[in-house]
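In case you want the letters, here they are:
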Amino acid sequence: MQLQTLILSILLTHRIHTFEFVIDGEWDSDMPDSAEHNDRFRRSTLVSEEEDGFEAIQGNDITVKSYKVESRITSRFAHTTVKSSVVNSGSGAQTIGFNVQIPKRAFITNFTMNVNGITFIGSVKEKTVARNLYAQARARGKAAGIVRANSLDMETFKTEVHVPASSKVEFELHYQEMMERKLGFYQHTLHIQPGRLVPHLQVDVYIFEPKGIRAVETPNTLGEHFEGITKVVQNKDKVHIVFKPTLQQQRKCNNCTESAVDGVFTVRYDVERESNAGELQVSDGHFVHFFAPKELSPLSKNIVFVIDVSGSMWGLKMKQTVSAMEAILDDLTMDDYFSIIDFNHNVRCWSEELVPGTSIQISEAKNYIKNIKPNGGTNINEALLRAVQMLLKASIQGLIDPRSVSMIILVSDGDPTVGEIKLSSIQKNVKRLMREEFSLFSLGIGFDVDYDFLERLALDNRGMAQRIYANHDAAEQLKTFYSQVSSPLLRKITVQFPEDSVTDVTQNHFDKFFKGSELVVAGKLKSTSFTTLYSFTTASAATMDLSLEAESDLQEMDTWLSQHEHSFSGFARQMWAYITINQLLAQRSLAPTAAKKRRITQAILNLAVDHQFVTPLTALLVQSEDAQERLLADSPRDPKQGCCSGAGVSSVSGPSVQVYSQPSWVRPTLAPTPSPAERPPIGPITVVENDPHFIVHLPKNKMDVCFNIDSEPGHILNLVSDPGTGVVINGQLIGSKRVVNHKRNTYFGTISVSYKPEEVRVDVGTNGIDVKDGKNHHSFSWGATVTLTMKGVKVSILKDSEVNVTVDDKISLMVLLHRVWKKHPVNVDFLGFYSPSNNQYSTQVHGLIGQFANEPEVKVFNLHEGSDPKKKEANMKVKGNKLSVTRGWQKDYRSDKNKGSEVYCWFIHNSGKGFIDGHYTNYIVPSLDSFLPQL
């Protein structure tokens, strides 16, 4: 077999990496323009710089026997394999091509090729090593090519091989990528381009998400021709998606010999999330923490839009920008502040100060944008400095809410031509003025913009960059980008781990979290001497500070993976390396000194070789099994690649104690159980449990008094009503599943705590916890340990166990969660209520429990035997009433949530009549935040 030409093209993260190989021939920097050469390769040329890719290479009498694509996505990490088997069925030698477009953020991990029984196997090596091996082969006359880099922004891997008649060629390409969550979904795209009708054409996508898959979508992006062909098989945590058109279904028309399969196959999905603490997974000595909280109120925004209106923006670019800006301005709310700066050789401000997003201001801003006439040069430096100064002025004047998000969004299509034009100087000028709480987002329109410069500007200032393609849907691209950053939910997010448990942690501090996205932190385990790994996340929300705790068993994930045939068992190790390399590449582009750049470069090389990733600093050496014939796939020397604001790799020290801490009264000290006669009072707490049973501790009288409330499901009972402090605590009753012995038991299904002065309300239910702060609404599940503070209120959630609420450091309570078997024929999940007897209420406090803050005098006398020999009876004098009481017991579940511990108390009959003020029905209120009317 005589190999004459092989070309490999790779695009990684917003760029094209094109590799050309010349077999048994000399390499030149430019391909020859001879007619002979053009006839040999018969390929179409690019119509414009912004074409999406080359057309498939057309050969005569070529049979594609099979074309198979398989993706295995495990925990958001995808390993994709593309295989093709091709035969030269013509009478003479000809060129066979293998053309695959890969996602922008993917790393190629291997490529193999078998030509008439000769196998070429790929391996990733440092460039210098790969080039030396290539040089050795070349010296023996066996060299197979050298690199040629192309700057087009495409995602193409292209291979050509010239073979004799009847030759069979098999191609196999592997690449890996991490799924990014955008606008609430992960999107996996596969470019299906077999180039011919194929007897065996199949696409398989296997998804495994251990916590469950919430939604899967397979939009028909290949065209109406293939409507209904895709099949989806799904259960709780697995999905198998199959696209397998027959030969007839592949034809463009009934009698056509051309294939209609040429486009993008798309899968979109999202996962179930048990809690806002995130999902921590451990596998193969590595861990990955996914953080995507939901049901949080968005932070307000302060935005300065900086728009390039130089002459190059004339026409479609400006029209699309105006269209996008109209939609973006409509998205602003009254809580957002904004302004617009447009620039060419001059810089103009629509408003010199930030203004609120009222309908009047938005209307005026739209009119201003519509009337812009592009012309002149490009003064980026002055425009950005003016934007930063506008945010600084607003901050100094106190116009910016300290919990809001401040950002600059730059839209430009060209290099600076006026004022400061040195790119490094502009970068330094902006960074010098920018505060830590400000972010810069760069949008580069078209290919004549220096996207690398815009990306460095963004990465250096806690933002990100995106290229906008200057075509008919540029407005949609701009709006989509804005949608990704328009709803910030959290600021100053930090994810930590116990320092003795982990090492080599990826970026763990994030400036912002946007709705619909996801933050990912990965690392290595130091050892496996422990059985559970914990993560501790802190963040600042719209009106509160959050502390969240997640945990993961070290063996659970590997056990799951071993049971799932199509899972990717090495996902955690590869994902850690993938994130680390991308963050190091971003660091490298911002390195201030040559020495630091060299250190980062070496770290990237080591990781890329160890994990077999083709990066801008490594090469793919493809060689025959006897290593006699070699092909070299290299990449651009100056990549324009980056991913993450402030990205870096560091070892992180975690907290030495848990984020969650309980009040001292929550967990009693266990002691030997005395006899009933010797048992002391319950202690300094009041309890409401079960049906519901009230246990009121009276410290002055050194006794506990009990009573039941026999009310109806749906009724809301007031427990504490204190207008003096502004605190009201109410509980809503739920009923058992059915009536037993002519009675339906009732329990507390919701406990609500309202702090009226700060408009804060905490509703604890059996299904979750809702926190309301004025118009802001945040929801949390029982699935994680969380601590949050806001406006004098602290809420601590202990996973699947309890919630502690403290108001103004004076009033505290605990709500205990009781779970029952879901299929139990009678019982339901319910809540217990515990509060210390020394809460600092005002003198105005009342309620079923609150009234006993002003402890009445109680006398028990005439102790005697009752009808039940185990229960003494007596008389009680309280509040001027003489009552018959029984010595009984109720349960305190603080120490043992299953069995509880017995609390002996004097039981008041008839729903506490005579012990509580009035009748129990007087304590029924209309809503969960209602104060008790005066009795």
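From a predicted model like this one, the values you see are computed outputs, not experimental measurements.

Quick look at the overall build of the protein
Regarding its fold elements, the protein presents 13 helices and 52 strands. For the protein, the share of sequence-separated contacts (at least 6 apart) that also reach a separation of at least 24 residues comes to 68%.

Brief notes about helix 8 (residues 451-459)
Extensive coverage of helix 8 is indicated by the burial of nine of its nine residues. Within the sequence span of helix 8, burial applies to Y451, D452, F453, L454, E455, R456, L457, A458 and L459. Residues of helix 8 that are buried in the fold lie against helix 6 (380-396), strand 23 (405-412), helix 7 (423-433), strand 24 (438-445), strand 25 (465-468) and helix 11 (571-589).

Some details on the packing of helix 11 against helix 12 (residues 594-611)
One can describe the packing of helix 11 onto helix 12 by two numbers: an axis separation of 10 Å at closest approach and a directional angle of 155°. For the element pair helix 11 / helix 12, the angle class is roughly antiparallel. Like other packed secondary-structure pairs, helix 11 and helix 12 cross with a definite hand, here left-handed. For the pair helix 11 and helix 12, contact is made by R573, Q574, W576, A577, T580, I581, L584, L585, Q587 and R588 and by K597, I600, T601, A603, I604, L607, A608, D610 and H611, respectively.

Looking at the sheet that holds strand 18 (residues 286-291)
In spatial order, the strands read 17-18-29-27; together these four strands make up an open sheet with antiparallel pairing. Each edge of the sheet is formed by a strand with only one pairing partner; in this case those strands are strand 17 (279-283) and strand 27 (502-503). Here strand 27 runs beside strand 29 (residues 519-525); their pairing, made up of two bridges, is antiparallel. In the strand pairing of strand 29, V502 is matched with L525.

Points about the sheet that holds strand 16 (residues 263-271)
The sheet built from four strands is open, its strands ordered 10-11-16-13 with antiparallel pairing. In this open sheet, the two edge strands, each paired with only one partner strand, are strand 10 (181-182) and strand 13 (213-217). Summarising the sheet, strand 13 and strand 16 pair through four bridges and their orientation is antiparallel. By the bridge assignment, A215 is partnered in strand 16 with D270.

Regarding the pairing of strand 44 (residues 793-798)
Strand 44 sits mainly inside the fold: five of its six residues count as buried. As paired elements, strand 43 (residues 785-790) and strand 44 share five bridges and run antiparallel to each other. Within strand 44, the position partnered with T787 by the bridge is S796. Bridge count between strand 44 and strand 45 (residues 802-807): six bridges; the pairing is antiparallel. Bridged to V795 within strand 45 is V805.

A few points about the side chain of D892
Secondary-structure assignment places D892 in strand 50 (residues 881-892). Polar contacts involving the side chain of D892 include one to the side chain of R894, which spans 2.9 Å.

Considering the environment of M575
If you trace the backbone, M575 turns up in helix 11. Residue M575 is classed as buried on the basis of its relative accessible area of 0%. Here the alpha-carbon distance between M575 and A522, two residues 53 residues apart in the chain, equals 7.6 Å.

Observations concerning the state of the cysteines
Tallied over the full model, the rule gives two disulfides. For C253, the disulfide goes to C256, at an S-S distance of 1.7 Å. Handedness of the C253-C256 disulfide follows from its S-S torsion of about 90°: it is right-handed. Exposure remark for C253: the relative accessible area of 35% places this residue in the partly exposed category. Shown here is the disulfide that connects C706 with C905, its sulfur atoms set 1.6 Å apart. One quick way to see it: the torsion about the S-S bond of C706 and C905 is about -120°, and its sign makes the bridge left-handed. Taken as a pair, C706 in strand 36 (residues 703-708) and C905 in strand 51 (residues 901-908) lie far apart in primary sequence, 199 residues in all. Accessibility expressed as a relative area gives 0% for C706, which makes it buried. We classify C905 as buried; its relative accessible area is 1%.

Remarks on helix 9 (residues 474-485)
Each α-helix turn comprises 3.6 residues. Residues three or four places apart therefore point the same way. Over its twelve residues, helix 9 extends 17 Å from the first C-alpha to the last, a length consistent with the 16 Å expected when each residue adds 1.5 Å. Taken together, the buried positions of helix 9 are occupied by A474, A475, Q477, L478, F481, Y482, Q484 and V485.

What about the packing of aromatic side chains?
Inspection of the entire model under this criterion finds 21 aromatic pairs. Measuring from centroid to centroid gives 4.8 Å for F694 and F707, while their planes differ by 10°, and the two rings are stacked. Taken together, the residues span a long stretch of sequence, with F694 in strand 35 (residues 693-698) and F707 in strand 36 at a distance of 13 residues. Of the two residues examined, F694 and F707, each falls in the buried class. An angle of 15° between the planes, with centres 4.5 Å apart, marks the rings of F852 and F915 as stacked. In this pair, F852 sits in the loop between strand 47 (830-836) and strand 48 (858-864) while F915 sits in the loop between helix 13 (909-912) and strand 52 (924-925), placing the two residues 63 residues apart along the sequence. For F915, a relative accessible area of 0% corresponds to the buried category. Taken together through their ring pairs, the aromatic side chains of F77, F107, F568, Y578 and F613 make up a single cluster. Residue placement shows R887 over the ring face of W906; its charged tip is 5.2 Å from the ring centre.

Looking at the confidence of the model for the protein
Per-residue pLDDT for the protein averages 85, and the proportion of residues at 70 or more is 86%. In the predicted structure, residues 1-59 sits below a pLDDT of 50 and forms 185 contacts with residues beyond four places in sequence or in another chain. A low-confidence stretch, residues 636-657 (pLDDT under 50), is modelled with 74 contacts involving residues beyond four sequence positions or located in other chains.

Observations regarding a negative patch on the surface
On the surface, a cluster of negative charge is contributed by E272, E274, E551 and D800. Structurally, E272 is set in the loop between strand 16 and strand 17. Judged by relative accessible area, E272 falls into the partly exposed class, the value being 36%.

Re the pairing of strand 47
Each regular strand shows side chains that alternate between the opposite faces of the sheet. Among the seven residues that make up strand 47, seven are buried, leaving the element largely enclosed by the rest of the structure. Burial along strand 47 is two-sided: F830, G832, Y834 and P836 and L831, F833 and S835, pointing in opposite directions, are all buried. Taken together, the four bridges between strand 34 (residues 685-689) and strand 47 define a ladder with antiparallel strand orientation. Paired with V688 across the bridge in strand 47 is F833.

Concerning the packing of helix 6 against helix 7
Interhelical geometry of helix 6 versus helix 7 gives an angle of 5° and a closest axis separation of 10 Å. On the basis of their axis angle, the class for helix 6 and helix 7 is roughly parallel. Here N381, L384, L385, V388, Q389 and L392 of helix 6 come into contact with helix 7, specifically with I426, N429, V430 and L433. Looking at the contact of helix 6 with helix 7 residue by residue, the classes come out as seven nonpolar, three polar and no charged.

What to know about the nonpolar core
Core analysis: the biggest nonpolar cluster contains 90 residues, and L490, L719, I729 and F915 have the highest contact counts within it. Other than its neighbours up to four places away in sequence, F915 contacts L698, V705, F707, Q851, F852, V878, K879, L883 and I908.

How each quantity is defined
- Every chain is numbered independently, its residues counted from 1 as its sequence is written.
- Local features in this predicted model are restricted to residues of pLDDT 70 or higher, and side-chain atom pairs are both shown and tallied only at a pLDDT of 80 or more, whereas totals for entire chains, interfaces and linings draw on every residue.
- Side-chain numbers here rest on the full set of heavy atoms in the structure, without hydrogens or water.
- Numbered from the N terminus, helices here are DSSP runs of H or I no shorter than four residues, and strands are runs of E no shorter than two.
- It only takes one pair of heavy atoms within 4.5 Å for two residues to be counted as in contact.
- Residue exposure (1.4 Å probe, protein chains only): buried if accessible area is under 20% of the type maximum, exposed if over 50%, otherwise partly exposed.
- Structural elements are reduced to axes, namely lines fitted to C-alpha atoms, with helices fitted over the stretch in contact, and the angle between N-to-C directions of any two is expressed from 0 to 180 degrees.
- Roughly parallel refers to an angle under 35 degrees, roughly antiparallel to one over 145, roughly perpendicular to one between 65 and 115, and oblique to any angle outside these ranges.
- Here a crossing is called left-handed whenever its near helix is offset anticlockwise from the far helix by less than a right angle, and right-handed whenever the offset is clockwise.
- What makes two strands pair is DSSP finding at least two bridges between them.
- Between N or O atoms, a polar contact is any pair within 3.5 Å; within protein, one atom must be a potential hydrogen donor and the other a potential acceptor, and residues adjacent in sequence are included only when both atoms are from side chains.
- The rule for a disulfide is simple: a pair of cysteine sulfur atoms within 2.5 Å.
- To estimate how far a helix should extend, the number of its residues minus one is multiplied by 1.5 Å.
- Under the pairing criterion, centres of Phe, Tyr and Trp rings, with the six-membered ring standing for Trp, must be within 6.5 Å; the plane angle then separates stacked pairs below 30 degrees from edge-to-face pairs above 60, leaving the rest tilted.
- A ring is considered to have a charge above it if a Lys NZ or an Arg CZ atom is located within 6 Å of its centre and within 35 degrees of its normal.
- Values of pLDDT, which run from 0 to 100, indicate the predictor's confidence residue by residue.
- For patch detection, residues must exceed 30% relative accessible area and be free of salt bridges, and they are connected within 9 Å for like charges or within 5 Å for nonpolar side chains (Val, Leu, Ile, Met, Phe, Trp, Tyr).
- Throughout, the Shrake-Rupley method with a 1.4 Å probe supplies accessible areas, and for residues the shown protein chains are the sole cover considered.
- Salt bridges, as used here, are contacts in which a Lys or Arg side-chain nitrogen is within 4 Å of a carboxyl oxygen on Asp or Glu.
- Residues scored as charged are limited to Lys and Arg (positive) and Asp and Glu (negative), so that His and the chain ends carry no count.
- A single reference atom marks each charge: NZ on Lys, CZ on Arg, CG on Asp, CD on Glu.
- Classes in brief: Ala, Val, Leu, Ile, Met, Phe, Trp, Tyr, Cys and Pro nonpolar; Asp, Glu, Lys and Arg charged; the others, Gly included, polar.
- As used in this record, nonpolar core signifies buried Ala, Val, Leu, Ile, Met, Phe, Trp, Tyr and Cys residues forming a set joined through side-chain atoms within 4.5 Å.

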